[in-house]
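Residues per chain, in single letters:
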Amino acid sequence: DARVTQTPRHKVTEMGQEVTMRCQPILGHNTVFWYRQTMMQGLELLAYFRNRAPLDDSGMPKDRFSAEMPDATLATLKIQPSEPRDSAVYFCASGPPGQDYNEQFFGPGTRLTVL
Amino acid sequence: AQTVTQSQPEMSVQEAETVTLSCTYDTSESDYYLFWYKQPPSRQMILVIRQEAYKQQNATENRFSVNFQKAAKSFSLKISDSQLGDAAMYFCAYTPWGGYQKVTFGTGTKLQVIP
């Protein structure tokens, strides 16, 4: 049963600490998305990659957020330093190649709480 | 810029009854895709149904169907024979045609199913 995995599922940290969230896309998928979900803003696209190259990260605060794909099986989202307003659920989603309709397969999310 | 609007923050339906969730969108594109995603309390985002804008026929998936009105830019989801497991947040989403572009999500509608 192929699925997107995310670690950790929950993270509580203190303001100023570095946070790294990891995502393993479905094997063979070449597009990876990072979203942030909050009650106030809903689901926001932070960044997305195709074939490990960043296509758009305009939704991401550049001063503290960074996203990378060290290899095809791992995507990371890093926040340094973290702030209370970063508290949210962060979703990773992946999609297969050769598809026009952009179906995305979501991971279970990482719930981040910054105190 | 594309926008997706869900004007019903919450809806409720009696078990076994039918409910319709509304969605409108704004775009200047002629080819695009529309989606309904379900997010149960587990937080897992699940694709419910997809509609291609160039297809006049409304998509259906078992108890789920859409009413796609392209000229009106309206895309509503009808759930027939509602079940307790249908209780969730439902998100309408839009993406232009062609190989993984940004997906824009609405703010969601919380559906309650009353036994």
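Please read all numbers here as calculations on a predicted model, not as lab measurements. (Residues numbered from 1 in each chain as written. Chains lettered and ligands numbered in written order. Predicted model: local features only at pLDDT ≥ 70, side-chain atom pairs only at ≥ 80, totals over all residues. Heavy atoms only, no water.)

Enquirer: Break down the overall build of chain A for me, citing the residues and quoting the values.
Expert: Helices and strands together make up the secondary structure of chain A, namely 0 helices and 11 strands. Secondary structure elements in chain A, listed N-terminal to C-terminal, are β-β-β-β-β-β-β-β-β-β-β. Here the C-alpha coordinates of chain A stretch approximately 40 × 30 × 30 Å along the principal axes. Within chain A, the proportion of its 115 residues that are buried is 50%. Considering only residue pairs separated by 6 or more positions, chain A has 54% of its internal contacts joining residues 24 or more positions apart. Accessible surface, chain A: about 5600 Å² in total, of which carbon and sulfur atoms supply 50%. Counting 12 positive and 13 negative side-chain charges, chain A places the centres of these two groups 4 Å from one another. (Helix = DSSP H or I, 4+ residues; strand = E, 2+ residues; numbered from the N terminus. Buried < 20%, exposed > 50% of the residue type's maximum accessible area, 1.4 Å probe, protein only. Contact = heavy atoms within 4.5 Å. Areas by Shrake-Rupley, 256 points an atom, 1.4 Å probe, with all protein chains shown as cover. Lys, Arg positive; Asp, Glu negative; His and termini not counted. Charge placed at Lys NZ, Arg CZ, Asp CG, Glu CD.)

Enquirer: I'd like to hear about the pattern of salt bridges, residue by residue, with values.
Expert: All names here are of chain A. Overall, the coordinates contain 9 salt bridges over all chains when judged by the stated rule. Here Arg36 ties to Glu44 by a salt bridge, and the two come within 3.3 Å at their closest N and O atoms. Take Arg36: its relative accessible area is 12%, and that puts it in the buried class. Given the relative accessible area of 23%, Glu44 is considered partly exposed. Each of Arg64, Glu83, Arg85 and Asp86 takes part in salt bridges that share partners, so that together they form one network. (Salt bridge = Lys/Arg side-chain N within 4 Å of Asp/Glu carboxyl O.)

Enquirer: Describe the packing of aromatic side chains, listing the residues and the values that go with them.
Expert: By the definition in use, this model includes 14 aromatic pairs over all chains. Relative to Tyr37 of chain B, the ring of Phe35 of chain B lies with its centre 6.0 Å away and its plane at 40°, an arrangement referred to as tilted. Pair check on accessibility: Phe35 of chain B and Tyr37 of chain B agree, each one buried. The structure contains a cluster of three or more aromatic residues connected by ring pairs, namely Phe33, Tyr35, Tyr48, Phe91 and Phe106 of chain A together with Phe35, Tyr37 and Phe105 of chain B. (Phe/Tyr/Trp six-rings, centres within 6.5 Å; stacked < 30°, edge-to-face > 60°.)

Enquirer: Quick one: what's the story with the interface of chain B and chain A, residue by residue and with numbers?
Expert: How big an interface is tends to be reported as the loss of accessible area on association of its parts. Between chain B and chain A, the residue contacts involve 21 residues of the former and 28 residues of the latter. Taken over both partners, the interface formed by chain B and chain A buries close to 2100 Å², and the fraction arising from carbon and sulfur atoms is 50%. The interface formed by chain B and chain A holds 0 salt bridges in total. Where the side of chain B that touches chain A is concerned, the elements lending two or more residues are strand E5 (32-39), strand E6 (46-52) and strand E10 (88-96) of chain B. It is E5 of chain B that contributes the most residues to the side of chain B that touches chain A, 4 residues altogether. Split into classes, the residues belonging to the side of chain B that touches chain A amount to 11 nonpolar, 7 polar and 3 charged. (Buried area = accessible area lost by both parts, 1.4 Å probe. Nonpolar A, V, L, I, M, F, W, Y, C, P; charged D, E, K, R; others polar.)

Enquirer: Describe the sheet that holds strand E7 (residues 65-71) of chain A, naming the residues involved and giving the relevant values.
Expert: Working definition: the strands of a sheet are paired by backbone hydrogen bonds and lie parallel or antiparallel to each other. All names here are of chain A. Across the sheet, which stays open at both edges, the 4 strands sit in the order E1-E3-E8-E7 with antiparallel pairing between neighbours. Each of the sheet's edge strands pairs with one partner strand only, and the pair in question is strand E1 (5-7) and E7. Strand-to-strand twist in this sheet, taken as the mean axis angle between neighbours without regard to direction, amounts to 20°. As defined by bridge partners, E1 adjoins strand E3 (residues 19-24) across 3 bridges and the pair is classed as antiparallel. By the bridge assignment, Gln6 is partnered in E3 with Cys23. (Pairing = 2+ DSSP bridges. Axes fitted to C-alpha atoms, helices over the stretch in contact; angles between N-to-C directions.)

Enquirer: Talk me through the pairing of E10 of chain B; I want residue IDs and the actual numbers.
Expert: Residue and element names in this part refer to chain B. Of all 9 residues in E10, 8 are buried, a share of seventy percent or more. With 8 bridges joining them, E5 and E10 adopt antiparallel strand pairing. Residue Phe35 lies in a different strand from E10, and its bridge partner there is Ala93. Of the strand pairs in this sheet, E10 and strand E11 (residues 104-105) are connected by 2 bridges, and their pairing is antiparallel. Across the sheet, Tyr94 pairs through a bridge with Thr104, a residue of E11.

Enquirer: Summarise the nonpolar core; cite the residues concerned and give the values.
Expert: Tyr25, Trp36, Phe75, Leu77 and Tyr90 of chain B are the most contacted members of the largest nonpolar core, which totals 25 residues. Listing elements by their share of this core, those giving two or more residues are strand E3 (19-21), E5, E6, strand E8 (64-69), strand E9 (74-79), E10 and strand E12 (109-114) of chain B. Of the residues forming this core, the biggest block, 4 residues, is contributed by E10 of chain B. Excluding residues that lie within four positions of it along the chain, Leu77 of chain B makes contacts with Val19, Thr20, Leu21, Trp36, Ile49, Phe64, Ser65, Val66 and Tyr90 of chain B. In this structure, Val4, Trp34, Phe49 and Ala88 of chain A belong to the second largest nonpolar core, which totals 22 residues. (Core = buried A, V, L, I, M, F, W, Y, C linked by side-chain atoms within 4.5 Å.)

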